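# Structural description and commentary
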Number of protein chains: 2
Amino acid sequence: MIKAEIYQELINRLIEEQNFKKQPSALYEPIHYVMSQGGKRLRPLLTLLACDLFGGDLQKALYPAMAIEVFHNFTLVHDDIMDKAPLRRGKETVYKKWNSNIAILSGDTMFAMAYQYAIMTDHAVIPDILNVFSQTAIEVCEGQQLDMDFENMDNVSIPDYIEMIRLKTAVLLGASLKIGAITAGADEFSIQKIYDFGIHLGIAFQLKDDLLDLYGEFEKFGKMSGGDILTGKKTYLVLKALELANSAQQTRLKQLYADPALDPQLKISSVREIFNALQIEQHVSKIMEEFFTKSLADLESVNALEASKQAVREYAYLLFNRNH
Amino acid sequence: MIKAEIYQELINRLIEEQNFKKQPSALYEPIHYVMSQGGKRLRPLLTLLACDLFGGDLQKALYPAMAIEVFHNFTLVHDDIMDKAPLRRGKETVYKKWNSNIAILSGDTMFAMAYQYAIMTDHAVIPDILNVFSQTAIEVCEGQQLDMDFENMDNVSIPDYIEMIRLKTAVLLGASLKIGAITAGADEFSIQKIYDFGIHLGIAFQLKDDLLDLYGEFEKFGKMSGGDILTGKKTYLVLKALELANSAQQTRLKQLYADPALDPQLKISSVREIFNALQIEQHVSKIMEEFFTKSLADLESVNALEASKQAVREYAYLLFNRNH
């Protein structure tokens, strides 16, 4: 894992070097707050790994990687308003710490800043990078909209859900890798394949998130176990459970989800009991593994040195095997 | 005014040709709603006029012009949430017609779409256009933040106010012109001067807006006369009045602005009386004319044919002489 760690350090140092504390301070303090909270830096790391995979010059990928991280954090700031989320990474969200107007406007500013970073690279690759970047930004918004639409829908299908997480989560991972590959001048086929790798990895990544929300080592995760159940989120777990459940279990599940007065711990344990009876953890793990396997096959097919692929593969395994 | 009218028609037709009605409909319907409401199309028109001014190919400026119009409308959608504005151009705002989550996310999508349009031009000019575009987007956010900051400040100075409207309004006019000039391959000096023209015109334009809010032919304007007084907005008018007022008038003005229970028509007429006594309309008109004169001098100095300058000048006069 040496390479990924070095790159992570590179990104963190670049972020630290930025001056986010400008005027007016009401606008920029939240940006500084969000950008200095750390996090996995997963997406920019993928950009650098993809650049390296195709023998590119990391310097050309560094600011586009930064662009993706700033963009990702912008989406979190706005999502937290829409989801009324009080906490993120164990800290107050911008919307909660300041207010929603500040969160809207700081977010908008971050979006524009992301584009500023995106073009700090070779002029020759800017149009391609910008194309991917804007297309992806739109898809991420579509994913967030679908996620909100699902809240008020009774019959969300599993394919609908996969499409939602593809848009909301996976396309940005795909784009992170694709942009890294573009800066390295990779061939068309490999650019497409590394994007597909990101899509499949991203879907596996989100399914893992869904699983960890209930089955993770939550004390390290900075949030309570079973949060998705309490907020009534239609994750893969509950959709699969509704699909597999007998009529009595279905009714019980729906009752549990629909009852806002129920004691939280009782609600979680009751839902969990049904999930266990239906072997939901095993079912979701299996689907997740299928997407992960697909992603590895995509990676296999790109035109790059085996040693370089290994660094990407190792990082993918690390993501896949995390338990918080 | 033939040229500006033809260009306006060109822009309107381009906007009509776009398919804004995509899926998910909750995301795209508001975008279609906003983009088909018309409006002056002032900013894209300036882009085309600047492209023409420097003998450029209009085709290269068309989509960047579109980008600016979409961006401008995005800022209105988000501003209306922050300002809790129920109406815009005589119609319900997105935030009011749908809700603030929809307005946040549709706005974000429009921002990304704007960037998609911005790069639909010659690859050679994309980096320069993107630079201007992102820098301007950030400044517009800074302007909106200052505008919100001013609401809670007791001592907003007139230079503070001018700086705020420079950021919130004028830089986008400057950028519209600059981007048109860039697509036409204008020289550095002229690009800077046409930008300055936009800045000075934009400040004059906003001062005109402030004036028209109270002294305009409001029945055509789609909003009530004196709205800024009722919302307690710190416009140039009231800032100048506070500067010129004697101590009794100052106290009275502050009382009037601070009293939320006062009858609206009485509030407006009482404030207006003080403004009239202080000749505020004349004072603000004079400052506005100074900025307008500066803008004409900027236009004069660019390296372009006199006949082409005339089309831009005519349009500037049209903006300046509007009475609603």
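Residues numbered from 1 in each chain as written. Chains lettered and ligands numbered in written order. Predicted model: local features only at pLDDT ≥ 70, side-chain atom pairs only at ≥ 80, totals over all residues.

### A short note on the overall build of chain A
Quick note on the threshold: In this description a helix means any DSSP run of H or I spanning at least four residues, a strand means any run of E spanning at least two, and both kinds are numbered starting from the N terminus. Our radius of gyration is a C-alpha quantity, and the globule rule it is checked against amounts to 2.2 Å times the number of residues to the power 0.38. Buried means a residue has 20 or more other C-beta atoms within 10 Å of its own C-beta, exposed means 12 or fewer, and partly exposed covers the counts in between; C-beta atoms are placed from the backbone.
Helix and strand counts for chain A come out as 16 helices and two strands. In terms of overall size, chain A behaves like a compact globule, its C-alpha atoms giving a radius of gyration of 20 Å where 324 residues would be expected to give roughly 20 Å. Its C-alpha atoms give chain A principal-axis dimensions of about 60 × 50 × 30 Å. The 324 residues of chain A split such that 48% are buried.

### Some points on the interface of chain A and chain B
The test is simple: In this description, any two residues whose backbone-derived C-beta atoms lie within 7 Å of each other are considered to be in contact. Just so you know the grouping, Ala, Val, Leu, Ile, Met, Phe, Trp, Tyr, Cys and Pro go in nonpolar, Asp, Glu, Lys and Arg go in charged, and all remaining residues, Gly too, go in polar.
Chain A puts 32 residues into the contact, and the matching count from chain B is 32 residues. Of all elements in the fold, only helix H2 (25-35), helix H4 (58-82), helix H6 (100-118) and helix H7 (126-151) of chain A reach the threshold of two or more residues within the side of chain A that touches chain B. Counting residues per element, the side of chain A that touches chain B draws most heavily on H7 of chain A, which supplies 14 residues. Among the residues making up the side of chain A that touches chain B, the classes are represented as 20 nonpolar, nine polar and three charged.

### Quick notes on the packing of helix H8 (residues 158-183) of chain A against helix H9 (residues 188-215) of chain A
Geometry of a packed helix pair, given as the angle between the helix axes and the separation of the axes. All names here are of chain A. Here is the rule: Axis definition: a line fit to C-alpha positions, over the contact stretch in the case of helices; interaxial angles, taken between N-to-C directions, run 0 to 180 degrees. Orientation is classified from the angle alone, with under 35 degrees giving roughly parallel, over 145 giving roughly antiparallel, 65 to 115 giving roughly perpendicular, and any other angle giving oblique. It is the rotation of the near helix from the far one that decides the hand of a crossing: anticlockwise by less than a right angle makes it left-handed, clockwise makes it right-handed.
The interhelical angle for the contact between H8 and H9, taken along N-to-C directions, is 140°, at an axis separation of 7 Å. Judged by the inter-axis angle, H8 sits oblique to H9. Note on packing geometry: the crossing formed by H8 with H9 is right-handed. Across the contact of H8 with H9, the residue classes tally to 16 nonpolar, seven polar and two charged.

### Brief notes about helix H2 (residues 25-35) of chain B
The line we're drawing: Directions from the helix axis toward the C-beta atoms define the arc.
Every buried residue of H2 of chain B is listed here: Leu-27, Pro-30, Ile-31 and Val-34 of chain B. Along H2 of chain B, the residues classed as buried sweep out an arc of 100° about the axis, all on the same side. Those residues of H2 of chain B hidden inside the fold are in contact with H7 of chain A together with helix H4 (58-82), helix H5 (94-97) and helix H6 (100-118) of chain B.

### Looking at helix H7 (residues 126-151) of chain B
Because each turn of an α-helix spans 3.6 residues, side chains separated by three or four positions end up pointing in the same direction. Here is the rule we go by: Helix span is expected to be 1.5 Å times the residue number reduced by one.
With 26 residues, H7 of chain B extends 38 Å from end C-alpha to end C-alpha; this agrees with the ideal 38 Å at 1.5 Å per step. By the criterion of burial, H7 of chain B is predominantly enclosed, with 19 of the 26 residues buried.

### Considerations on the relation of the copies chain A and chain B
The test is simple: The superposition of copies rests on a least-squares fit of C-alpha positions from residues with pLDDT of 70 or more in both.
Of the two same-sequence chains, chain A is brought onto chain B (RMSD 0.0 Å, axial shift 0.0 Å) by a rotation of 180°. Taken together, the turn and the small shift mark the pair as related by a two-fold rotation axis. The overlap is high: 100% of the interface residues of chain A also sit at the interface in chain B, so the same surface is used on both sides.

### A closer look at the nonpolar core
Rules: To count as a nonpolar core, a set of buried Ala, Val, Leu, Ile, Met, Phe, Trp, Tyr and Cys residues must be joined through C-beta atoms within 7 Å.
Formed by 204 residues in total, the largest nonpolar core has its most connected members in Leu-49, Ala-67 and Ala-114 of chain A together with Leu-49, Ala-67 and Ala-114 of chain B. Excluding residues that lie within four positions of it along the chain, Leu-49 of chain A makes contacts with Ala-4, Tyr-7, Gly-180, Ala-311, Val-312 and Tyr-315 of chain A.

### Description of the environment of Ala-65 of chain A
Residues and elements named next belong to chain A. Inspection of the secondary structure assignment puts Ala-65 in helix H4. As for Ala-65 and Pro-264, which are separated by 199 residues in sequence, their C-alpha atoms are 40 Å apart. Among all residues touching Ala-65, those that are not within four sequence positions of it are Ile-11, Pro-44, Thr-47 and Leu-48.

### So, the environment of Leu-278 of chain A
Residue and element names in this part refer to chain A. Take Leu-278: it is sitting in the loop between helix H14 (264-277) and helix H15 (280-301). Taking the number of C-beta atoms within 10 Å as the measure of exposure, Leu-278 has 20 and is therefore buried. Along the primary structure Leu-278 and Ala-241 are separated by 37 residues, whereas in three dimensions their C-alpha atoms are 6.7 Å apart. Once residues within four sequence positions are removed from consideration, Leu-278 is found in contact with Ala-241, Leu-244 and Ala-245.

### Points about the confidence of the model for chain A
As a reminder, the rule being used: What pLDDT reports is the predictor's confidence in each residue, on a scale of 0 through 100.
In this model, chain A carries an average pLDDT of 94, and 97% of its residues clear a pLDDT of 70 or more. This complex was scored by the predictor with a pTM of 0.95 and an ipTM of 0.95.

### Considering unusual backbone geometry
All names here are of chain A. Note the cis peptide between Gln-23 and Pro-24, where omega equals 0°. Its place among the elements puts Pro-24 in the loop between helix H1 (2-17) and H2. One non-glycine residue, Lys-84, adopts positive backbone phi at about 50°. One can find Lys-84 in the loop between H4 and strand E1 (87-88). Exposure remark for Lys-84: the 12 C-beta atoms within 10 Å place this residue in the exposed category.

### What to know about the environment of Pro-24 of chain A
Exposure remark for Pro-24 of chain A: the 18 C-beta atoms within 10 Å place this residue in the partly exposed category. Among residues more than four places away in sequence, those in contact with Pro-24 of chain A are Glu-142, Gln-145, Leu-146 and Asp-149 of chain B.

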